[in-house]
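# Structure assessment
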There are 2 protein chains.
Amino acid sequence: MPRLILIAAQSLDGYISRHDQPGTDFCSEADAAFLASTLKDFDSLIFGRKTFDTLRQRILNATTRRFLRKILTRTPDAYRDLAQRDRVEFTDAAPADILADLESRGRQRCALLGGGEAYTRFLEAGLVDELWLTLEPRLFGSGTPLATRALDLAFTLDSTTPLTPDTLLLKYLPRR
Amino acid sequence: MPRLILIAAQSLDGYISRHDQPGTDFCSEADAAFLASTLKDFDSLIFGRKTFDTLRQRILNATTRRFLRKILTRTPDAYRDLAQRDRVEFTDAAPADILADLESRGRQRCALLGGGEAYTRFLEAGLVDELWLTLEPRLFGSGTPLATRALDLAFTLDSTTPLTPDTLLLKYLPRR
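About the criteria used
Think of each chain on its own: its residues are numbered from 1, step by step along the sequence as written. Whichever chain is written first is A, and whichever ligand is written first is 1; the rest continue in order. At least 70 in pLDDT is required for a residue's local features to be given in this predicted model, at least 80 for side-chain atom pairs to be given and counted, and no such filter applies to totals for whole chains, interfaces and linings, which use all residues. Heavy atoms from the whole structure form the basis of all side-chain values; hydrogens and water molecules are not counted. Secondary structure elements are defined from DSSP: runs of H or I of at least 4 residues count as helices, runs of E of at least 2 residues count as strands, and each element is numbered from the N terminus. Only the C-alpha atoms count toward the radius of gyration. The rule for a globule is 2.2 Å times the residue count to the power 0.38. Under the convention used here, a 1.4 Å probe and the Shrake-Rupley method define accessible areas, while residue burial counts only the protein chains that appear. As used throughout, the charge tally considers Lys and Arg to be positive and Asp and Glu to be negative, leaving His and the chain termini uncounted. Charge placement uses NZ in Lys and CZ in Arg. For Asp and Glu, CG and CD serve respectively. C-alpha atoms of residues with pLDDT of at least 70 in both copies form the basis for the least-squares superposition of the copies. Here a residue-residue contact requires only that any non-hydrogen atoms of the pair lie within 4.5 Å. Working definition: rings of Phe, Tyr and Trp (its six-membered ring) pair if their centres are within 6.5 Å, and the pair is stacked with planes under 30 degrees apart, edge-to-face with planes over 60 apart, and tilted otherwise. Exposure is judged per residue with a 1.4 Å probe applied to protein chains only, and the accessible area is read against the type maximum: over 50% gives exposed, under 20% gives buried, and values in between give partly exposed. Consider the ring centre and the ring normal. A charge sits over the ring if Lys NZ or Arg CZ is within 6 Å of that centre and within 35 degrees of that normal. Between any two strands, pairing holds if DSSP finds at least two bridges. What pLDDT conveys is the predictor's confidence in a given residue, as a value from 0 to 100. Any carboxyl oxygen of Asp or Glu within 4 Å of a side-chain nitrogen of Lys or Arg constitutes a salt bridge here. Note: buried area is the sum, over both parts, of the accessible area (probe 1.4 Å) each one loses when the two are combined. Pairs of N or O atoms are called polar contacts if they sit within 3.5 Å, as long as, within protein, a hydrogen donor faces a hydrogen acceptor (for residues adjacent in sequence, only side-chain-to-side-chain pairs). Charged residues are taken to be Asp, Glu, Lys and Arg, nonpolar residues to be Ala, Val, Leu, Ile, Met, Phe, Trp, Tyr, Cys and Pro, and polar residues to be all remaining types, Gly included. Multiplying 1.5 Å by the residue count of a helix minus one yields the expected span of that helix. Fitting axes to the seven residues ending at a residue and to the seven starting there, one defines the bend at that residue as the angle between these axes. As a rule, the C-alpha atoms of each element are fitted with a line to give its axis, helices using only the stretch in contact, and angles between N-to-C directions run from 0 to 180 degrees.

A few words now on the overall build of chain A. Within chain A one finds four helices and 11 strands. Rg of the C-alpha trace for chain A: 16 Å, near the compact-globule value of 16 Å for 176 residues, within the 12% margin. Its C-alpha atoms put chain A at 40 × 35 × 30 Å along the principal axes. Carbon together with sulfur atoms contributes 47% to the accessible area of chain A, which is approximately 8,000 Å² in total. Across chain A, the centroid of the 24 positively charged side chains sits 4 Å from that of the 24 negatively charged ones.

Turning our attention to the relation of the copies chain B and chain A. Between chain B and chain A, which share one sequence, the superposing operator has a rotation angle of 180 degrees and an axial displacement of 0.0 Å; the RMSD is 0.0 Å. Here the two chains are linked by the operation of a two-fold rotation axis. Among all C-alpha atoms of chain B, that of Gly14(B) lies closest to the rotation axis, at 2.4 Å. A high fraction, 100%, of the interface residues of chain B reappear at the interface in chain A, so the copies pair face to face through one surface.

Within the structure shown, the criterion is met by 14 aromatic pairs over all chains. A centroid spacing of 5.2 Å and a plane angle of 90 degrees characterise the contact between Phe52(A) and Phe90(A), whose relative ring orientation is edge-to-face. In this pair, Phe52(A) is assigned in helix α2 (residues 49-61) and Phe90(A) in strand β5 (residues 88-91), connecting sequence segments 38 residues apart. Accessibility classification places Phe52(A) together with Phe90(A) in one group, the buried group. Sitting over the ring of Phe42(A), Arg109(A) keeps its end group 4.8 Å from the ring centre. The cationic tip of Arg66(B) hangs over the ring face of Phe67(B); the distance from NZ or CZ to the ring centre is 5.8 Å.

It is worth spelling out the pairing of strand β10 (residues 153-162) of chain A at this point. Relative to strand β8 (residues 138-139) of chain B, β10(A) runs antiparallel, the two being bridged by two bridges. The residue of β8(B) that forms the bridge with Leu153(A) is Leu139(B). Direction of pairing for β10(A) relative to strand β11 (residues 168-174) of chain A: antiparallel, over a ladder of seven bridges. Pairing of Pro162(A) across the sheet is with Leu168(A), part of β11(A). Hairpin remark: β10(A) followed by β11(A), antiparallel, with five residues in the connecting loop.

Turning our eyes to something else, we now look at the confidence of the model for chain A. For chain A, per-residue confidence averages 96 on the pLDDT scale, and 100% of positions sit at 70 or higher. Two numbers describe this predicted complex: its pTM, 0.97, and its ipTM, 0.96.

This part is about the pattern of salt bridges. Pairing of side chains with opposite charge becomes possible as their charged atoms draw close. Considering all chains together, one arrives at 30 salt bridges over all chains under this definition. Two residues, Asp152(A) and Arg138(B), come together in a salt bridge whose shortest N-O distance is 3.0 Å. With Asp152(A) in the loop between β9 (143-145) and β10 and Arg138(B) in strand β8, the pair connects residues from two separate chains. Judged by its relative accessible area of 38%, Asp152(A) is partly exposed. Take Arg138(B): its relative accessible area is 17%, and that puts it in the buried class. Overlapping salt bridges bring together Lys70(A), Asp86(A), Glu89(A), Asp101(A) and Arg105(A) as one network.

A few words now on the interface of chain B and chain A. Taken residue by residue, the interface counts 37 residues in chain B and 37 residues in chain A. Summed over both partners, the interface of chain B with chain A comes to about 2,700 Å²; 58% of that surface belongs to carbon and sulfur atoms. The largest per-residue losses of area from chain B upon contact with chain A belong to Leu12(B), Leu139(B) and Asp166(B), which jointly make up 22% of the total buried on that side. A salt bridge links Arg175(A) to Asp166(B); the nearest nitrogen and oxygen atoms lie 3.0 Å apart. Counting the contacts that link chain B with chain A gives 18 residue pairs in polar contact (both at pLDDT 80 or more). Those elements giving two or more residues to the side of chain B that touches chain A turn out to be β2 (15-18), β7 (130-135), β8, β10 (153-162) and β11 (168-174) of chain B. It is β10(B) that contributes the most residues to the side of chain B that touches chain A, six residues altogether. Tallied by class, residues from the side of chain B that touches chain A come to 22 nonpolar, eight polar and seven charged.

Let's shift gears to helix α2 (residues 49-61) of chain B. Residue and element names in this part refer to chain B. The first and last C-alpha atoms of α2 sit 17 Å apart over 13 residues, in line with the 18 Å expected at 1.5 Å per residue. The largest bend along α2 reaches roughly 75 degrees and is located at Leu55. The complete set of buried residues in α2 reads Thr51, Phe52 and Ile59.

Time to look at the sheet that holds β11(A). Across the sheet, which stays open at both edges, the nine strands sit in the order β5(A)-β4(A)-β3(A)-β6(A)-β1(A)-β7(A)-β11(A)-β10(A)-β8(B) with mixed pairing between neighbours. A strand with exactly one partner marks an edge of an open sheet, and here the two such strands are β5 of chain A together with β8 of chain B. Pairing analysis gives four bridges linking strand β4 (residues 68-72) of chain A to β5(A), with the strands arranged parallel. Looking at the pairing, Ile71(A) lines up with Phe90(A) of β5(A). The sheet contacts of α2(A) involve β3 (44-48), β4 and β5 of chain A, and relative to β3(A) the element is tilted by about 125 degrees.

Here it is in structure tokens:
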């Protein structure tokens, strides 16, 4: 199976978006630069339909053929016109089946980019091999949580990297 | 006014208790040891009534006279029998009035120990001088959030200290 790395930027209190505002405009430029840079080491991406919508034009206009993108939706047929085999694929398959499909097509390193529902489905399935959290120095008190349903998972801390004097990148591994 | 330091231990996703279980039994022993040790540098404590209930016997049996404890409740009269002047006081006063009272009685360094409602009231009032977060390497997906209402506060990172190889103590200052 490809190695699956959950990548998220969040407030100190665990929100990946602020209040009812979609997107990650609260994130530091350093986090955006980190994400753009690190994605060069990946060959596939997974994200939810809402995350796709916020990135839509950038994805559809992208010239790189590096990424096989899997977009999670309950209604993949509704996106048939936007799909491009090997680049932009819409799926309602189960997490394990998505990774098995990526494996069968030679993909080795996959970034799980959100949102909360997509993170939660792969966490619940026990398929996340690494958890990379950018911790922005904010408190929001409400918003989209990193995980949208109750679970109980333990990790070990692999590394701590300051992206700015105030923003930390924390990398965790699941405790098996 | 006394310096007010919010001290909390939380999961990576911002929960100060797991699911519907009160208390902090998910926290590392290292965090408990840190808290016991650091409280020696404080002369006053603030917490909510529910937090009082989980600590009740320990507080009422404590022999130290070091701490003036303010316990937030909408019904201080209901706790009249447990109150001990200068040691255990129940109050429904506003956050600023509580700190003014502590100041008038010579208290200089106060720890705000939770829970979520108590944290939120002092954060909303702009009265938190430092934010100390112990980040336990867990994901819960549900529980008591650090802040129980929407807010939008920014901080600067003051220090990062590992309490164990997996548990980080992060100290933040409000961005003024």
